[in-house]
Amino acid sequence: MSSRRADPVTVEVVELIGDVVARYHTEYEEAAARHQLTGAQAKVLTLLSLEPLPMRRIAQKLRCEPSNVTGIIDRLETRGLVERRPDPADRRVKLAAPTAEGAETAERLRESLDFAREPLAGLSAEERTALRDLLKRMLG
């Protein structure tokens, strides 16, 4: 029976991906804290700055329970960063959307995340495109 060990390059790639993820999470938590947000609140606010979403969709994107999202939205709403509004397509559904202050906070948060931007700036446009395409392929 043969061993199913990964080749050394695969082992190194897996370790490097782990290092990238760990650095990203650390910097994201630090950036969120500078804006008096938890990491989860920052992620939700950043997500909503792209488009207003119903709670269920936020939970799907974050891979968590809708009840967790409700608590996060409640806290962001109390701070005046998010508001609930009716979905124009279905008035029974409520969308969470950033307020003007929430959109500004999300933008400042994005600008403060240098971790990915700085190393990626060292790659050419072609290398960044190749990396993006490889990551998309890995994720299926």
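This text goes with the structure placed above it.
The model shown is predicted, which means the values in this text are computed figures rather than measured ones.

## Examining the sheet that holds strand S2 (residues 82-87)
Strand order in the open sheet formed by 3 strands is S1-S3-S2, and the pairing between neighbours is antiparallel. Two strands close off the open sheet at either side, each with one partner strand: strand S1 (53-54) and S2. Relative to strand S3 (residues 90-98), S2 runs antiparallel, the two sharing 6 bridges. When the bridges of S3 are listed, Val82 appears paired with Pro98.

## Focus: helix H7 (residues 125-139)
Compared with an ideal rise of 1.5 Å per residue, which puts 15 residues at 21 Å, H7 spans 21 Å between its outermost C-alpha atoms and is within 8% of the ideal. Once H7 finishes, Gly140 follows within two positions and takes phi at roughly 75 degrees, a positive value.

## Topic: unusual backbone geometry
Despite not being glycine, Gln36 has its phi angle at roughly 55 degrees, a positive value. Among the structural elements, Gln36 can be located in the loop between helix H1 (8-34) and helix H2 (39-50). Given the relative accessible area of 58%, Gln36 is considered exposed. Positive phi outside glycine occurs at Arg63, with the angle close to 55 degrees. Tracing the chain through its elements places Arg63 in the loop between helix H3 (55-62) and helix H4 (66-78). Among the residues examined, Arg63 registers a relative accessible area of 77% and is labelled exposed.

## A short note on the side chain of Ser112
Take Ser112: it is sitting in helix H5 (residues 100-112). Residue classification places Ser112 among the buried positions, given a relative accessible area of 17%. A polar contact is formed between the side chain of Ser112 and the backbone oxygen of Leu109, at a distance of 2.8 Å.

## Structural notes on a nonpolar patch on the surface
Where nonpolar side chains cluster on the molecular surface, the patch consists of Val9, Val13, Ile17, Val21, Leu120, Leu131, Leu135, Met138 and Leu139 and spans about 800 Å² of accessible area. Within the residue set of the nonpolar patch, elements represented by two or more residues are H1 and H7. As for its placement among the helices and strands, Ile17 is situated in helix H1.

## Section: the nonpolar core
By size, the foremost hydrophobic cluster in this structure holds 23 residues, and its most contacted members are Leu37, Val44, Leu48, Ile58, Ile73, Leu76 and Val82. Where this core is concerned, the elements lending two or more residues are H1, H2, H3, H4 and H5. No other element matches the 5 residues that H2 contributes to this core. Setting aside residues up to four positions removed in sequence, Val82 forms contacts with Leu45, Leu48, Ile73, Leu76, Glu77, Ala96, Ala97, Pro98 and Thr99.

What counts, and where the lines are drawn
- Residues numbered from 1 in each chain as written.
- Predicted model: local features only at pLDDT ≥ 70, side-chain atom pairs only at ≥ 80, totals over all residues.
- Heavy atoms only, no water.
- Pairing = 2+ DSSP bridges.
- Helix = DSSP H or I, 4+ residues; strand = E, 2+ residues; numbered from the N terminus.
- Expected span 1.5 Å × (residues − 1).
- Buried < 20%, exposed > 50% of the residue type's maximum accessible area, 1.4 Å probe, protein only.
- Polar contact = N/O pair within 3.5 Å; in protein donor to acceptor, adjacent residues only side chain to side chain.
- Patch = residues over 30% accessible without salt bridge, like charges linked within 9 Å, V, L, I, M, F, W, Y side chains within 5 Å.
- Areas by Shrake-Rupley, 256 points an atom, 1.4 Å probe, with all protein chains shown as cover.
- Salt bridge = Lys/Arg side-chain N within 4 Å of Asp/Glu carboxyl O.
- Core = buried A, V, L, I, M, F, W, Y, C linked by side-chain atoms within 4.5 Å.
- Contact = heavy atoms within 4.5 Å.

Geometric descriptors of this kind do not, in isolation, establish any biological role.
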